[in-house]
Amino acid sequence: EQRLGFETFVGFSRGHNYFNSIYYRDTDQPYVSPRYEPDYQTDHLIEFMETSRQDHPDQPFFAMICYGPPHVPMVAPPYYLNLYRPDEVPVRANTPPDEEAEARAFLAKYYGLVSNVDHNVGRILDWLDYRKMAEDTMIIFVSDHGDMAGEHGRYGKKTYFEASMHVPFIVRYPRLFAGGQIHNALVDPAVDTMPTILELCGIPIPAAVQG
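Each chain carries its own residue numbering, running from 1 in the written order of its sequence. Reporting of local features is limited, given that this is a predicted model, to residues whose pLDDT is at least 70; pairs of side-chain atoms are given and counted only at 80 or more, and all residues count toward the totals for whole chains, interfaces and linings. Note that water and hydrogens are dropped before the side-chain values are worked out from all heavy atoms of the structure.

### A word on helix 1 (residues 37–55)
Note that an α-helix has 3.6 residues per turn; residues three or four places apart therefore point the same way.
Step number 1: By the criteria applied, helices consist of DSSP H or I runs no shorter than four residues and strands consist of E runs no shorter than two, each listed in order from the N terminus. Multiplying one less than the number of residues by 1.5 Å gives the expected span of a helix. Here helix 1 spans 27 Å end to end across 19 residues, near enough to the 27 Å set by a 1.5 Å rise per residue.
Step number 2: Remark: exposure states derive from per-residue accessible area (1.4 Å probe, protein chains only) relative to the maximum for the residue type, with buried under 20%, exposed over 50%, and partly exposed in between. Considered for burial, the residues of helix 1 that qualify are E37, P38, D39, Y40, Q41, T42, H44, L45, I46, M49, E50 and S52.
Step number 3: Throughout, a contact is declared for two residues whenever any of their heavy atoms are within 4.5 Å. Packed against the buried residues of helix 1 are strand 1 (10–11), strand 2 (21–25), strand 3 (30–33) and helix 3 (100–130).

### Section: the sheet that holds strand 2
Step number 1: Strands sit in the order 1-2-3 across an open sheet of 3 strands; the sheet is antiparallel. Of all strands in the sheet, those with a lone pairing partner are strand 1 and strand 3, marking the two edges.
Step number 2: Relative to strand 2, helix 1 is tilted by about 10 degrees, and along the sheet it contacts strand 1, strand 2 and strand 3. One bridge is not enough; two strands pair if DSSP finds at least two bridges between them. Comment: axis = line fitted to C-alpha atoms, over the contacting stretch for helices; angle = value between 0 and 180 degrees taken between N-to-C directions.

### Describing helix 3
Step number 1: When the terminal C-alpha atoms of helix 3 are compared, their 43 Å separation across 31 residues agrees well with the 45 Å that a helix rising 1.5 Å per residue should span.
Step number 2: Residue K132 follows helix 3 closely and has a positive phi angle near 55 degrees.

### Comments concerning the packing of aromatic side chains
Step number 1: Stacked, tilted and edge-to-face are the three classes assigned to paired rings of Phe, Tyr and Trp, where Trp is represented by its six-membered ring and a pair needs centres within 6.5 Å; plane angles under 30 degrees give stacked, over 60 edge-to-face, the rest tilted. Per the counting criterion, the structure on display carries 11 aromatic pairs.
Step number 2: With 6.2 Å between their ring centres and 75 degrees between their planes, Y84 and Y111 make a pair best called edge-to-face. With Y84 in the loop between helix 2 (78–81) and helix 3 and Y111 in helix 3, this pair connects stretches of sequence that are 27 residues apart.
Step number 3: Since its relative accessible area comes to 32%, Y84 is described here as partly exposed.

### What about the environment of Y36?
Step number 1: With respect to the helices, strands and loops of the structure, Y36 is situated in the loop between strand 3 and helix 1.
Step number 2: Remark: the alpha-carbon pair of Y36 and P77, spanning 41 residues in sequence, is separated by 7.1 Å.
Step number 3: What Y36 contacts, discounting residues up to four positions off in sequence, is Y18, F19, P69, V75, A76, P77, L113 and N116.
Step number 4: Nitrogen and oxygen atoms within 3.5 Å of one another constitute a polar contact, given that in protein one can donate a hydrogen and the other can accept it, and given that sequence-neighbouring residues count only through two side-chain atoms. At a separation of 3.0 Å, a polar atom in the side chain of Y36 contacts the main-chain carbonyl oxygen of V75.

This is a description of form; function is not addressed.
Here is the structure:
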């Protein structure tokens, strides 16, 4: 049941050990990877897409990848941890003056982790371009929560301020949608993602589904 219906599964029970993390690959035998988690997760996703294309060239596939970062603990390969200098990182307008130094240090590392995710998402997009599949592949980029980064002197996610509650929800589907559109409607990823995917794929939405 923990596979959630996926035919191919590479994953583990959610943790936040981004080096030496434990994962399972279609078996009950655990593996430990010394690599940075988002990097090897992306390798597995690209491998799955490549295999799906080779084995079933006329069938669509559905793939989901769940990056842990950006998230505490702030660990990453040194390049990303040192990519931004704290003294050059702007703080949010509602950060108390006595919190600015801590907020800059936090954001410098946080943005480094964001840049790694950006790099790995770019690898996925590059693969789709290389295989000439980008035009007819729907991509949804979403997060489960935001983070306070010094706003109101607070850190973490457990508040109802916008920085914690407002998450990215980005859809790219060139065959149907022109790029660069911004919509201000209230969207809840937990409620609206599934019926949206079903509608775009021409699959009936169960009557009990909200969103």
